[in-house]
Amino acid sequence: MSVVNARRRGSDVPLAELVRLLGSSLAMYVADAGIWSYPGDEEVKLAVADLVADQRNVHDRAAAVLDSRNVPVPGRDFPIRFTATHDVDLRFLLPRMLEELRRQVIALDGIIEASAEDPETLELGREARGTTLGHCDVLSQIASKVHGGSPA
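Rules used in this analysis
- Residues numbered from 1 in each chain as written.
- Predicted model: local features only at pLDDT ≥ 70, side-chain atom pairs only at ≥ 80, totals over all residues.
- Heavy atoms only, no water.
- Helix = DSSP H or I, 4+ residues; strand = E, 2+ residues; numbered from the N terminus.
- Buried < 20%, exposed > 50% of the residue type's maximum accessible area, 1.4 Å probe, protein only.
- Contact = heavy atoms within 4.5 Å.
- Areas by Shrake-Rupley, 256 points an atom, 1.4 Å probe, with all protein chains shown as cover.
- Salt bridge = Lys/Arg side-chain N within 4 Å of Asp/Glu carboxyl O.
- Phe/Tyr/Trp six-rings, centres within 6.5 Å; stacked < 30°, edge-to-face > 60°.
- Expected span 1.5 Å × (residues − 1).

What follows covers the overall build of the chain. Each helix and strand in the chain was counted, giving six helices and zero strands. Ordered by position from N to C terminus, the α and β elements of the chain give α-α-α-α-α-α. Counting the 152 residues in the chain, one finds 41% classified as buried. Partitioning the contacts of the chain with sequence separation of at least 6, the portion at a separation of at least 24 is 82%. Carbon together with sulfur atoms contributes 56% to the accessible area of the chain, which is approximately 8100 Å² in total.

Below, the structure is given as structure tokens:
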């Protein structure tokens, strides 16, 4: 491998991390697993669907960039702890989703910082961070209502 290719592959690490981070999120697991929820949770379902749509959009675009650079795209594998969430009311998952989204923001900050010389990754990282913060706000408001005024 040439020095240029080795350097290029090293610069793709943040982009691969972005793909892994978004592709293996709790929200993606909830969507992929088709988690059942009680009737009346439509506000929560719609908020989670919006979150997943935004994450999937950035994930798929980042994966396409990796593919165009001939870099292996990380697979989507979910932590085993997510399997305990099947058949759970989505309202119950709100605090866990919020906690994970807050951790994602911290991870995205690191990805953005490491992407200074890769404009595509920098743009995708910033977009993911912005939408993640927006979803944190929406889910926090919903959690506040659902959990009787106490924020998650």
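This paragraph deals with the pattern of salt bridges. Scanning the model with the defined rule gives eleven salt bridges in all. Close ionic contact of Glu42 with Lys45 constitutes a salt bridge, the shortest N to O distance being 3.9 Å. On the criterion of helical spacing, the pair formed by Glu42 and Lys45 is a turn pair, its members being three residues apart in helix α4 (residues 42-68). Taking the relative accessible area as the measure of exposure, Lys45 reaches 32% and is therefore partly exposed. When the shortest N-O distance is used, the salt bridge between Arg103 and Glu99 registers 2.8 Å. Of the two residues, Arg103 and Glu99 both sit in helix α5 (residues 90-114), four residues apart, roughly one turn of that helix. A cluster of three or more residues bridged by salt bridges with shared partners is formed by Asp12, Arg69, Asp118 and Glu120.

Attention now goes to the packing of aromatic side chains. Summed over the entire model, instances satisfying the criterion amount to one aromatic pair. Where Tyr29 meets Phe78, the ring centres are 5.3 Å apart and the plane angle is 70 degrees; that geometry is what we call edge-to-face. Taken as a pair, Tyr29 in helix α3 (residues 26-33) and Phe78 in the loop between α4 and α5 lie far apart in primary sequence, 49 residues in all.

All right, on to the environment of Leu133 then. Mapping Leu133 onto the fold places it in helix α6 (residues 119-146). With a relative accessible area of 33%, Leu133 lands in the partly exposed category. Sequence separation between Leu133 and Val105 is 28 residues, and the spatial gap between their C-alpha atoms is 7.2 Å.

With 27 residues, α4 should cover 39 Å at 1.5 Å per step; its first-to-last C-alpha distance of 38 Å lies within 8% of that length. Val44, Ala47, Val48, Leu51, Val52, Gln55, Val58, His59, Ala62, Ala63, Val65 and Leu66 are the residues of α4 that are buried. Once α4 finishes, Asn70 follows within two positions and takes phi at roughly 60 degrees, a positive value.

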